[in-house]
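Spelled out from the first residue to the last, the chains are:
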Amino acid sequence: LHPLSKDDFLRRHFRQRCVVIRGGGAERAATLFPAASAGDVEEVVENTASERVMAWVRTGGTVRAMDGLPPSRGTTARSIDIDDSRSALALHQAGHALYCRAPPAIEETLVNALLKETSLGLPPLRDAGPLAGRGEVEMFCARKGHVTAWHSDFQENFTVQLRGRKRWRLAHRREAHPLRGETPHFADDSVLWDQAKSRALGETIQSRKRPRAAPGVEEVILDAGDVLYFPAGVFHEVESLDDDNISLNISLMAPTTAEVICSALRHRLLRTDAGRARVTTDTVGLYENLIHALASARDELKELSPSHILPGALRESPGDGNMSEDSDDE
């Protein structure tokens, strides 16, 4: 993020608002992924950590309007999974965009470093259980005129333009803690259904009463070496301005508070007979077991404290600086 300092970024921008960092140029891009910054799409596709490469094939229809957002500048696209690199490269040459994960070594290095420096998730870091921070690095290889229509993500995102230029339109944030993204460009109906359910789950009285007026929209153009950070929940539309266009996106996420508390409660309930009782289709037995289990859960919740929930390295009391003696739970 140089020349923006880490402290300034964490204090003023992280999980709060977008920021563009310029001035890195091709040198910064080449440091992250030399082959991609040189325009080698074949290297990107053949060394991806993804099992398949995804192609966004433009179908030419009108993108449906989204509440409170300006019309999209693009046309509809369908996401297609591609099993072999030759077909993926042919689609790219025909003008369609490719999406896949970065090579494993790049992903591991960047995700681990950023999780550590942003303090996302509970330690230890990446791939260390459901309460650890998680993330991946995605590659986007697009052609001139490709537009990814308005959508939002549930991760914290750092996008680095490796080659070419992209125009970003960014709307004011609509959700503080989104559980899923809102990505109508994915063709998988199950994805769209999951997103709809999560939005319904996350709605509050306040959000339902919020006016649907169009938010302010800012436009920025990223050149090679520029970095854009945008928090989870920010709606954005992205347009490729060159035929030779490659960008890298680091997306990070952490468990919710509900997941952390429920994980600790699960471990405590499994120490009880009611918590370990097997669920059956016998209605009488099911209700009886659940009554006992809920009673145990209420008792355990009353006993839970941060010292029961947090890993040992985080159990320092904010009052006296002493480590908690209680270490029987995670």
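The rules we used
- Residues numbered from 1 in each chain as written.
- Predicted model: local features only at pLDDT ≥ 70, side-chain atom pairs only at ≥ 80, totals over all residues.
- Heavy atoms only, no water.
- Helix = DSSP H or I, 4+ residues; strand = E, 2+ residues; numbered from the N terminus.
- Areas by Shrake-Rupley, 256 points an atom, 1.4 Å probe, with all protein chains shown as cover.
- Core = buried A, V, L, I, M, F, W, Y, C linked by side-chain atoms within 4.5 Å.
- Buried < 20%, exposed > 50% of the residue type's maximum accessible area, 1.4 Å probe, protein only.
- Contact = heavy atoms within 4.5 Å.
- Pairing = 2+ DSSP bridges.
- Axes fitted to C-alpha atoms, helices over the stretch in contact; angles between N-to-C directions.
- Patch = residues over 30% accessible without salt bridge, like charges linked within 9 Å, V, L, I, M, F, W, Y side chains within 5 Å.
- Salt bridge = Lys/Arg side-chain N within 4 Å of Asp/Glu carboxyl O.
- Lys, Arg positive; Asp, Glu negative; His and termini not counted.
- Charge placed at Lys NZ, Arg CZ, Asp CG, Glu CD.
- pLDDT = per-residue confidence, 0-100.
- Phe/Tyr/Trp six-rings, centres within 6.5 Å; stacked < 30°, edge-to-face > 60°.

Notes on the overall build of the protein chain
Looking only at helices and strands, the protein chain features twelve helices and twelve strands. Summed over its atoms, the accessible surface of the protein chain is roughly 17900 Å², and 52% of this surface lies on carbon and sulfur atoms.

Focus: the nonpolar core
Counting 39 residues, the largest nonpolar core has Met139, Leu162 and Ile250 as the members making the most contacts within it. For leucine 162, the contacting residues outside a window of four places in its chain are Ala29, Phe33, Ala36, Ser37, Met139, Ala224, Ile246, Ser247 and Leu248. Within the second largest apolar cluster, nine residues are counted, among which are Leu122, Leu265, Leu269 and Ala297.

Notes on the sheet that holds strand β6 (residues 147–151)
On the basis of which strands lie adjacent, the open sheet formed by four strands has the order β6-β11-β8-β9 and antiparallel pairing. Of all strands in the sheet, those bounded by a partner on one side alone are β6 and β9 (217–222). Taking the axes of each pair of neighbouring strands and ignoring which way they run, one obtains an average angle of 15° across the sheet. Alignment of strand β8 (residues 166–171) against β9, held across six bridges, turns out to be antiparallel. Within the sheet, the bridge partner assigned to leucine 170 lies in β9 and is glutamate 218.

Re a negative patch on the surface
On the surface, a cluster of negative charge is contributed by Asp40, Glu42, Glu43 and Glu46. Along the polypeptide, glutamate 43 turns up in helix α4 (residues 41–46). The exposure class of glutamate 43 is partly exposed, given its relative accessible area of 31%.

Description of the confidence of the model for the protein chain
With 82% of its residues at a pLDDT of 70 or more, the protein chain has an overall mean of 83. Contacts for the low-pLDDT stretch residues 186–193, under 50 throughout, to residues beyond four places or in other chains number eleven contacts. Every residue in residues 319–330 is under pLDDT 50, and counting partners more than four places away or in other chains gives 28 contacts.

Side note on the packing of aromatic side chains
A ring pair, where both rings are aromatic, is described by two values, the distance of the centres and the angle of the planes. With the rule as written, the count across this model stands at nine aromatic pairs. An angle of 45° between the planes, with centres 5.8 Å apart, marks the rings of phenylalanine 9 and phenylalanine 14 as tilted. Both residues of the pair, phenylalanine 9 and phenylalanine 14, belong to the buried class. Linked through ring pairs, Phe9, Phe14, Phe158 and Tyr229 together constitute an aromatic cluster.

Re unusual backbone geometry
With an omega of 10°, the peptide bond between histidine 2 and proline 3 qualifies as cis. Along the chain, the position of proline 3 falls in the segment before α1 (6–12). A positive phi angle, close to 60°, is found at arginine 15, a residue other than glycine. In this structure arginine 15 comes out as partly exposed when scored by relative accessible area, which is 46%. For serine 119, which is not glycine, the phi dihedral falls at a positive 65°. Relative to the helices and strands, serine 119 is located in the loop between α6 (104–118) and β5 (134–142).

Some points on the environment of leucine 304
Among the structural elements, leucine 304 can be located in the loop between α11 (283–303) and α12 (306–309). Put simply, leucine 304 and leucine 265 are 39 residues apart on the chain and 7.9 Å apart in space, counted from C-alpha to C-alpha.

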